[in-house]
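# Structural description and commentary
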Amino acid sequence: MSRTILHLDLDAFFCAVEELRDPALRGKAFAVGGQPETRGVVASCSYAARRHGVRSAMPMSRALRLCPGLLVVRPRHGAYHEASQQVMERLHALTELVEQISIDEAFLDVTALPEPGEAIARRLQARIRAELELPCSLGVASNKLVAKIATDVGKASARGDGPPSAILVVPPGSEAAFLAPLPARALWGVGPSTAERLAALGIATIGDIAAAPEAELVRAFGKNGYALHRHAQGLDDSPIVTFHEAKSMSREVTYARDVSDERALRRTLDELADDVAQQLHAAGKGGLTVKLKLRWPDFTTLTRQESLPEPACDAAAIRAAAHRLFDKTWERGKAVRLIGVGVSGLMDPLHQLGLWDRDWQREGRILEAVRELQKRYGADVVRRGAPE
Amino acid sequence: MKISCLQENLAKGLSTVGRAVATRSTLPVLSNILLATDKGQLKLSATNLEIGISCWVGAKIEEEGAVTVPARLLSDFVNQLPADRIDMALNARTKTLNLRCARYEANIKGIDAAEFPLIPTLGEDGQVSLGPESLREMIEQVTLAAATDESRPVLTGVLAKLEGDQLTLAASDGFRLSVRKAQLPQAVAQPQEVIIPARALQELGRVSAEESEAVQMVISTQRSQVFFHMTSVDLVSQLVEGAFPPYQRIIPASHATRTVLDTASFRDAIRLAFLFARDSANIVRVRVTPGEAGGNGHVTISATSAEMGDNVGEMDAQVEGTEVEIAFNARYLLDVLSVIKSAQVALETSTASSPGVIRPVGGSDFLHVIMPMHIAR
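Presented here is a report on the structure given in the accompanying data block. Remember, predicted model here, so these are calculated numbers, not experimental data.

Definitions and cut-offs
Residues numbered from 1 in each chain as written. Chains lettered and ligands numbered in written order. Predicted model: local features only at pLDDT ≥ 70, side-chain atom pairs only at ≥ 80, totals over all residues. Heavy atoms only, no water. Helix = DSSP H or I, 4+ residues; strand = E, 2+ residues; numbered from the N terminus. Buried < 20%, exposed > 50% of the residue type's maximum accessible area, 1.4 Å probe, protein only. Contact = heavy atoms within 4.5 Å. Areas by Shrake-Rupley, 256 points an atom, 1.4 Å probe, with all protein chains shown as cover. Pairing = 2+ DSSP bridges. Core = buried A, V, L, I, M, F, W, Y, C linked by side-chain atoms within 4.5 Å. Axes fitted to C-alpha atoms, helices over the stretch in contact; angles between N-to-C directions. Parallel < 35°, antiparallel > 145°, perpendicular 65-115°, else oblique. Left-handed = near helix turned anticlockwise from the far one by under 90°. Nonpolar A, V, L, I, M, F, W, Y, C, P; charged D, E, K, R; others polar. Buried area = accessible area lost by both parts, 1.4 Å probe. Salt bridge = Lys/Arg side-chain N within 4 Å of Asp/Glu carboxyl O. Polar contact = N/O pair within 3.5 Å; in protein donor to acceptor, adjacent residues only side chain to side chain.

### Section: the overall build of chain B
Scanning chain B for helices and strands turns up 6 helices and 26 strands. Counting only residues that meet the buried cut, chain B has 53% of its 377 residues in that class. Long-range contacts, defined here as pairs at least 24 residues apart, represent 66% of the contacts in chain B between residues at least 6 apart. Counting only carbon and sulfur atoms, one obtains 47% of the accessible surface of chain B, whose full area is about 17600 Å².

Right, dumping it as structure tokens:
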């Protein structure tokens, strides 16, 4: 039986929330994001700004060159999170089969509901507009892949100055025909490098991919070739995943200015490791692999990882591994633009207990006390000190 | 020196002493094997200054003498010769050993035997006789628990305790403990407690593999050495200095649950779980469920790998006590289950964070304690 999947995407979400706070922003070219002098990037931009070529993830300095009068609004993540929860609550009121894929996007499986998909989409859009004053666009199709692309196509073809508030329905059976004229880049899993290699094979549109022999795609892209071929025909049987278990946890910072001072870099490493340890603790997990990420001023990015003998959840073990990786990767005096620490291989943080060694109990009591202090007085009240 | 012997006898003798040859020594003579005529036999010796092994090989001696030659070259050469008679003659001036066998002839340059360290020989006082078979079993059951890293040197050793007519061997790497007792044919006059390197005992187990006569042990505390004398092999080892941690204290005096399992099935289940555990810090979970109304209980053994998948095995067991779930390092369980000969083993547990004890059913001479893996807070 054919499924009915909705994809919902809030239109210029952060901007829409900011407009609720300050109605004077309506219709103006503005962007939410970091300040240009601290290398901020555009997190979200209004439709007026988009007409000047401003896009998400663009450096704010570039956005300002494209759109000289651009207003830069400092992000208020707490407010976005709250608004997002309000939206998600309304989706959950409709069905349990909701897969939130980001703060402003979700899939819904409405196959079991009596109404047709398009009617549900209209009602949802109207309700979110009326109750939360937030615009959104939806795609309706028989699977997640096509529903998401339908939203994107619907948004792109919207006319007018305001938010698109688009709804596009791809009826079952017409998936391949709908996708065929779209550029290959519009397909899941086709990034700039895949698109370039497809172009080299004379493939420009999704229809071209669907028409290409599967064997040729597999030869060029390995097992991804199978997925490409299936997806290009509008085939996707991935289910709505209502619960995502984290596979990794990480923290990274981009310095306001490149840093080459070893002590400063190592201090950042310690702070990132401590943050990751707290994340792990909050999730009740330990990680078997520690990862270090370094980006040089020329944007070359290196990642190095190390496996641990047992899942670590304590800051000391993550710090130690991060510093070992840093020793292997960083050359003295080299400037660093971004530094990150992460852990993967998440599992229950089981630790081999020792027959005589009672230190683990002591360490446990210290951690407990530190957490209690942080809970009462904030995360910065106490941190692990570095032996100077 | 002029002697002849059979290739197979010499090859066997060289392999017996070969493991004591120093592999990374600054003293070149320690990479050599000493060949010396001794009471109508050919004596082979090697030492790395921690362990020394000597072995006597039947030989026809025409002219007495001694020399040392590189162990690796001599062993490799002799191993590849045909099973025939080997004639050896030493050029005393050049310290070159000439070997002839069938249609091969070789000259191997050696180092003066006088430069070879003197390997101390066995005294007569305080000899303790040990049955070779039970000795080998003891060594196997105990040395597996000794530490392999050198961060705490005493833990690389095996505690040997002689008291009355009992010998106790104990070893622990800090996470598990093996204790094995054996009856001595004769009571010792003085109680003694020394730490023998686990590696020396493993070598003893190896070189005594074909021994049927009792192995004689002498401990010299003044020289901080232990000697083992066998029919045609002597082994001497330095003792480990220091105090062995008090192990009796960590053997649980009681338990909440006693689970009796078939040894082979338990081992097989752990071995299967290990396939999934080896990518996830070797963690296996053992869940023990008592039977209802005195009936048989059962044990579930499971392992999960975040990347690869998971595995569950179930087996029947006689369970006395309360339900328990406890996680262990699969490697540790496999190690001990591989050296228990009895058909059934008992696993004694209390809580998920207190030590588990494994004992063979129907014998009280061996016990093994394993600390579980547990959430570290």
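### Focus on the pairing of strand S6 (residues 105–109) of chain A
Residues and elements named next belong to chain A. Most of S6 sits out of view: 5 of its 5 residues are buried. The alternating pattern of S6 places Glu105, Phe107 and Asp109 and Ala106 and Leu108 on opposite faces, both of which are buried. Two strands pair when backbone bridges link them, and strand S1 (residues 5–10) and S6 are joined in this way by 5 bridges, in the antiparallel orientation. Its bridge partner being in S6, Leu8 is matched across the sheet by Ala106. Bridge count between strand S5 (residues 98–102) and S6: 4 bridges; the pairing is antiparallel. Bridging across to S6, Glu99 finds its partner in Phe107.

### Thoughts on the nonpolar core
Core analysis: the largest hydrophobic core is formed by 67 residues, its most contacted members being Leu35, Met88 and Phe228 of chain B. Of the residues forming this core, the biggest block, 5 residues, is contributed by helix H4 (residues 198–207) of chain B. Not counting residues within four places of it along the chain, the set of residues in contact with Met88 of chain B comprises Met1, Lys2, Ile3, Cys5, Leu10, Leu35, Leu42, Leu97, Asn98 and Leu99 of chain B. Residues Leu8, Phe14, Val73 and Ala83 of chain A belong to the second largest nonpolar core, which totals 33 residues.

### Some details on the packing of helix H10 (residues 214–221) of chain A against helix H11 (residues 224–232) of chain A
Residues and elements named next belong to chain A. Two elements in contact, H10 and H11, have axes separated by 7 Å at closest approach and are oriented at 135°. Taken together, H10 and H11 sit at an angle that is classed as oblique. As for the relative orientation of H10 and H11, their crossing is right-handed in sense. Contacts between H10 and H11 pair Glu214, Leu217, Val218 and Phe221 from the former with Asn224, Gly225, Tyr226, Leu228 and His229 from the latter. Taken together, the residues of the contact of H10 with H11 break down into 5 nonpolar, 3 polar and 1 charged.

### As for the interface of chain A and chain B
Counting from both sides, the interface comprises 19 residues of chain A and, opposite them, 28 residues of chain B. Here chain A packs against chain B, burying approximately 2200 Å² in sum over the two surfaces, 68% of which is carbon and sulfur. Ranking the residues of chain A by area buried against chain B places Gln352, Leu355 and Trp356 of chain A at the top, with a combined share of 38%. Joining chain A to chain B, the criterion identifies 1 salt bridge. Between Arg285 of chain B and Asp348 of chain A there is a salt bridge, with the nearest N and O atoms lying 3.0 Å from each other. Taken together, the connections running from chain A to chain B amount to 6 residue pairs in polar contact (both at pLDDT 80 or more). Counting only elements with at least two residues in the side of chain A that touches chain B, the list comes to strand S11 (301–312), strand S12 (336–347) and strand S13 (350–352) of chain A. Tallied by class, residues from the side of chain A that touches chain B come to 11 nonpolar, 5 polar and 3 charged. Here S13 of chain A runs beside strand S26 (residues 373–375) of chain B; their pairing, made up of 3 bridges, is antiparallel. In the strand pairing of S26 of chain B, Leu350 of chain A is matched with Ile375 of chain B.

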